[in-house]
Amino acid sequence: MAKILLGGMEIEVDEDGFIQEPERWNKEVAEDLAKIEMAYPMSDDHWKVVNYLRNYYLEFEIAPPIRMLTKQTGFDLKYIYQLFPRGPAVGACKVAGLPKPTGCV
Amino acid sequence: MSAEALGPKEVLKTIDYKPVKRSWLELTVEFRKGTYLYTPPRKLLDYLGLPNPRKWLPSEKDWQLPENWRQIILEGMKDRLSKYRSFQLFLDICVRCGACADKCPFFIGSGDPKNMPVLRTELLRSVYRKYFTTSGKLFGKLAGARELTEDVVKEWFYYFYQCTECRRCSVFCVYGIDTCEITMMARELLNSLGCGVNWIVDPAAKCYRLGNHLGLPPHGFKGVIDTAIEDIREITGIKVEVSLNRKGAEVLFVVPSADYFASPHWFTFLGYLMLFHEIGLDYTFSTYASEGGNFGFFHSAELAKRLNAKMYAEAKRLKVKWILGGECGHMWRVLHQYMDTYNGPADFLEEPVSPITGTKFENAKSTKMVHICEFTADLIYHNKLKLEPSRNDRWKVTFHDSCNMTRAVGLFEEPRYIIKNVCNYFYEMPENTIKERTFCCGSGSGIGADEHLEVRLRGGFPRANAVKYVRERYGVNLLACICAIDKATLPPLLQYWVPGVEVAGVHELVGNALVMKGEKPRVTDLRFQPLKGEEGEGDV
């Protein structure tokens, strides 16, 4: 696995660029990831999504179900795709420093 | 260039069915991005106690195989040949007639001759001949035998993860050879070398640790249920009751975890809860058996057995009478064809009887587990539901038979019967692409990862092509299905090949049509989209 420069730090990422050291995530890391995910500059709405994902992850160690994300942020899926062109599971989760969900999703 | 970058028309031009000149024994695998799956991190293999964990990628030259890798494979083959009569039989009896060749969706979508089931099997069969048959030992190449080399292992990895174990080929084989079983054996052998894929091992490890493939812990599951209850209240004005881990409930309800996690699965999940409320079913979810699917099944029989055991352990602990299962594909394959010998018989449960209609589900006598479509079709047949199909009028629906539900379970009519009762517009895809001859989604059996998109788009092409036919002919805009992998992987497939067709579960359509006692006038469907006639255009 490779290390890339994010927020001025060398951080290990997986094959798809998801960070492997979630504890080193911070605002600057998120912004650098947002550049990769075509979600830069980050607006308040970007942060609303990212913060919700992040807080959910800290509590449950997993990304939230899609419906909880749309309900809690008040954004529909279409708008989330506008904010994060690669969608909630790839784009938004990556920026928020979460691992990618796997399985029938 | 990858399929995603190319666009549909250009991809079709890359498919060439003309026989190639070189010998099939020649090794030609190239691990290009989009055509291979990532490998699991060491910690997951360690967690499950799986052999030979290490850091490696298929695209690297050195796979760091364990020193005695050849011995591991050959002993593994020997063991399986003695254990499974079918394995030996399928390796011995093929006459290479080629009836299966053009039936595989991956061959149709790629034109790669080694994706013909006969030749895919030959990749393993040639090694079997070399080390386990007299003719192969004596005559070698002349008898179609070849040495087991590292390149052969690489070729196995490449092609046995381009098979979704959908078993369409087996329908056409005059001998009934089930290439899926060959793929299963090959994957077991690969896994014994630690050559597994992350998309399979990660969900399996999470399921083992936390109860479901996604790794949602019990308190997370509770939050999800509350969100579903809230959604249903917003749409219908009714507050449904849902219990978790309730001892003494009549029925344990098990769904694939994607139903309460992903989209469009979610709307089917709402449909289940609405239906159960309406008929007053005495049921409970379990947070320990919060997964119907079984990604262990795509890894090895051993891992499948370990994951399958949870469901029955929980049914026993909660003292339910029987188990009801949701819209999942391979869960039913495992249940229907393996569970009884993995962890059965479940004789501590009762033979399932619908508490609403009194129907005895004879077919579930042994496993004690009933499919939600059998259950709902029976309710409709006995007039127990009030339905308003016009609420689904924005959809022109076709039905995709999931490979496991048809070829493993034979569930053809129940979902169709339900759809015809809850929708006004239903159109079948061509006869040779449905029921036992259905084309698979191209992403089942644990190969549905993003990094594998080119393979998926090619393997799913025949399915999408049949959808295109009904789209052009009848204006179909919804593909209904009863499998969570379908719901996850068909949307990107259709978006690529036939844009404008959405994907839904059958119980989403049931939830839309279901008239509940005391409900408020519905203005939206379960997707919170206005019902036809409620968009302000007045075209009721």
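What counts, and at which threshold
Residues numbered from 1 in each chain as written. Chains lettered and ligands numbered in written order. Predicted model: local features only at pLDDT ≥ 70, side-chain atom pairs only at ≥ 80, totals over all residues. Helix = DSSP H or I, 4+ residues; strand = E, 2+ residues; numbered from the N terminus. Rg over C-alpha atoms; globule rule 2.2 N^0.38 Å. Buried ≥ 20, exposed ≤ 12 C-beta atoms within 10 Å, placed from the backbone. Pairing = 2+ DSSP bridges. Axes fitted to C-alpha atoms, helices over the stretch in contact; angles between N-to-C directions. Parallel < 35°, antiparallel > 145°, perpendicular 65-115°, else oblique. Left-handed = near helix turned anticlockwise from the far one by under 90°. Contact = placed C-beta atoms within 7 Å. Nonpolar A, V, L, I, M, F, W, Y, C, P; charged D, E, K, R; others polar. Core = buried A, V, L, I, M, F, W, Y, C linked by C-beta atoms within 7 Å. Domains from an automatic or database assignment. pLDDT = per-residue confidence, 0-100. Expected span 1.5 Å × (residues − 1).

Draft legend 1. View of the overall build of chain A. Along the backbone of chain A there are five helices and two strands. Written out in order from the N terminus, the α and β elements of chain A read β-β-α-α-α-α-α. Its C-alpha atoms give chain A a radius of gyration of 13 Å, near enough to 13 Å, the size a compact globule of 105 residues would have. Seen along its three principal axes, the alpha-carbon backbone of chain A occupies a region of about 35 × 30 × 20 Å.

Draft legend 2. Spotlight on the overall build of chain B. Across its full length, chain B carries 24 helices and seven strands. The principal-axis extents of the C-alpha atoms in chain B amount to approximately 75 × 50 × 40 Å. Expressed as a percentage of its 540 residues, the buried residues of chain B come to 52%.

Draft legend 3. The arrangement of the sheet that holds strand β3 (residues 322-325) of chain B in detail. All names here are of chain B. Spatially, β2-β1-β3-β4 is the arrangement adopted by the four strands of the open sheet, whose pairing is parallel. The two strands at the open ends of the sheet, each matched to only one other strand, are β2 (283-284) and β4 (369-371). As paired elements, strand β1 (residues 251-254) and β3 share four bridges and run parallel to each other. Bridge pairing in β3 places F253 opposite L324.

Draft legend 4. Highlighting the sheet that holds strand β7 (residues 502-505) of chain B. All names here are of chain B. Taken in spatial order, the three strands of this open sheet run β5-β6-β7, and their pairing is parallel. Edge positions in the open sheet fall to β5 (397-399) and β7, since each of these has one partner strand only. Sheet twist, expressed as the average angle between the axes of neighbouring strands with direction ignored, equals 35°. Where strand β6 (residues 478-481) meets β7, four bridges bridge the pair, whose relative direction is parallel. Its bridge partner being in β7, L478 is matched across the sheet by E502.

Draft legend 5. Representation of the packing of helix α5 (residues 85-93) of chain B against helix α11 (residues 179-192) of chain B within the structure. All names here are of chain B. It is at 10 Å that the axes of α5 and α11 come closest, and there the two elements cross at 110°. As judged from the angle between their axes, α5 and α11 are roughly perpendicular. The chirality of how α5 crosses α11 is left-handed. Taken together, the residues of α11 that come into contact with α5 (itself represented by S86, F87 and F90) are E181, I182 and M185.

Draft legend 6. Focus on the environment of C481 of chain B. All names here are of chain B. Residue placement: C481 occurs in strand β6. In sequence terms C481 and A504 are 23 residues apart; their C-alpha atoms lie 6.4 Å from each other. Apart from residues lying up to four places away in sequence, C481 is in contact with H400, S402, D486, K487, L490, V503 and G505.

Draft legend 7. Quick peek at the interface of chain B and chain A. At the interface, 27 residues of chain B touch 17 residues of chain A. Every element with two or more residues in the side of chain B that touches chain A is listed here: α12 (198-210), α13 (218-236) and α23 (484-497) of chain B. Classifying every residue of the side of chain B that touches chain A by side-chain character gives 17 nonpolar, seven polar and three charged.

Draft legend 8. Broad picture of the nonpolar core. Residues and elements named next belong to chain B. W156, I419, A480 and L494 are the most contacted members of the largest nonpolar core, which totals 186 residues. The greatest single-element share of this core, amounting to nine residues, is contributed by helix α14 (residues 265-279). Split by domain, the residues of this core number at least three in each of domain 1 (3-195) and domain 2 (204-513). Apart from residues no more than four positions distant in its own chain, A480 is found in contact with V397, F399, I419, A504, V506 and L509.

Draft legend 9. Examining the confidence of the model for chain A more closely. When pLDDT is averaged along chain A, the result is 93, and 96% of the positions lie at 70 or above. Looking over chain A, one finds the lowest element-wise mean pLDDT in strand β1 (residues 2-6) of chain A, namely 92, and the highest in helix α1 (residues 27-36) of chain A, namely 97.

Draft legend 10. Inspection of the confidence of the model for chain B at higher detail. Put simply, chain B has an average pLDDT of 95, and 98% of its residues get 70 or more. For this predicted complex, the interface confidence reaches an ipTM of 0.91, while the overall pTM sits at 0.95.

Draft legend 11. Spotlight on helix α9 (residues 150-160) of chain B. Of the positions making up α9 of chain B, those classed as buried are V152, V153, W156, F157, Y158, Y159 and F160 of chain B. Where α9 of chain B is buried, its residues touch α7 (117-132) and α11 of chain B.

Draft legend 12. Quick peek at the domain arrangement of chain B. All names here are of chain B. Split into domains, chain B comes out as domain 1 (3-195) and domain 2 (204-513). Each of domain 1 and domain 2 was reduced to a C-alpha centroid, and the two centroids are 30 Å apart. Contact with domain 1, which involves 26 residues of that partner, is made by 32 residues of domain 2. Looking at the side of domain 1 that touches domain 2, the elements with two or more residues in it are α1 (3-6), α3 (42-48), α6 (105-110), α10 (168-172) and α11. Considering each element in turn, the side of domain 1 that touches domain 2 owes the most residues, five residues, to α6.

Draft legend 13. Spotlight on helix α22 (residues 461-474) of chain B. Residues and elements named next belong to chain B. Compared with the 20 Å implied by 1.5 Å per residue over 14 residues, the 20 Å span of α22 between its first and last C-alpha is a close match. Within the sequence span of α22, burial applies to F461, P462, R463, A464, A466, V467, V470 and R471. Each element contacted by the buried residues of α22 is listed here: α6, β5, α21 (453-459), β6 and α23. Phi turns positive, to about 75°, at G475, one or two residues after α22.

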